[in-house]
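# Architecture at a glance
Listed below are the residues making up each chain.
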Amino acid sequence: MGPISTLCVFCGANPGRVPAHVAAARRLGALLADAGIGLVYGGASVGTMGELADAALERGGRVVGVIPEHQVADEIAHDGLTELHVVGSMHERKAMMAELSDGFVTLPGGIGTLEEFAEALTWSQLGLHAKPVGLLNTAGYYRDLLAFFDHAVAEGFLRAADRALVRSGPDPETLLAELRAAPAPADRRWRPVGDDR
């Protein structure tokens, strides 16, 4: 994989019950800023989204938010970002975030976070991009999802090569190292299970 200069991070509008989730979000924000890696995220000031952005900004990092206009009206847009793009829909938001980024990390979150991760992973599986996709498995949050992927391989619904697209790590440092080490797939055209070319 080539160098990552800008990373898209999907995360939640809630902080979660376990303090480790906020701590990991803040640690990732600080790490990105210290490494000179720009952050692209959902543009909100609340939850782990706000903590991630604030931590990066506090270290002098570049933070770009992309938020749909209906959430600006809800008064959750972060007003201290390097750039804030207001778009018309959630579809536009995800497309712009992907366009601005060299890779994707998903922090613990809810349904929206999971949906964003699944779309980025699907685009990789279909060969629409060759950017690394990772899950930050803080406090084992994504343990069952990772086990599901293994189950899908065993059941013949997911190719092992596509399962390997999901990088994961228990902490931001490990996950960033995984993303940097991820090989760029040579040919990501769709293939049926059993065809692991």
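Residues numbered from 1 in each chain as written. Predicted model: local features only at pLDDT ≥ 70, side-chain atom pairs only at ≥ 80, totals over all residues. Heavy atoms only, no water.

The next thing to look at is helix α5 (residues 111–125). Taking 1.5 Å per residue, 15 residues should reach 21 Å; α5 reaches 21 Å between its end C-alpha atoms and fits that length. Restricting attention to buried positions, one finds in α5 the residues T113, E116, F117, A120, L121 and S124. Along α5, the residues classed as buried sweep out an arc of 130° about the axis, all on the same side. Contact partners of the buried residues in α5: β1 (6–10), α4 (90–99), β5 (104–106), β6 (133–136), α6 (143–154) and β7 (166–169). Immediately beyond the C-terminal end of α5, within one or two residues, lies G127, with a positive phi of roughly 80°. (Helix = DSSP H or I, 4+ residues; strand = E, 2+ residues; numbered from the N terminus. Expected span 1.5 Å × (residues − 1). Buried < 20%, exposed > 50% of the residue type's maximum accessible area, 1.4 Å probe, protein only. Arc of directions from axis to C-beta. Contact = heavy atoms within 4.5 Å.)

Approximately 390 Å³ is the volume found for the largest pocket. Around the largest pocket sit 27 residues that line it, and C11, G12, A13, G110 and T113 are the ones nearest its centre. Taken together, the elements giving at least two residues each to the lining of the largest pocket come down to β1, α2 (47–58), α4 and α5. Broken down by element, the residue count for the lining of the largest pocket peaks at five residues, all from α5. Its residues assigned to classes, the lining of the largest pocket comprises 12 nonpolar, 11 polar and four charged. (1 Å grid on protein atoms, 1.4 Å probe; cavity = no way out; pocket = protein on both sides within 12 Å on 5 of 7 lines; lining within 4 Å. Points joined across faces, edges and corners; volume = space filled by probe spheres on them. Nonpolar A, V, L, I, M, F, W, Y, C, P; charged D, E, K, R; others polar.)

By themselves, these are just geometric observations and shouldn't be taken as functional.
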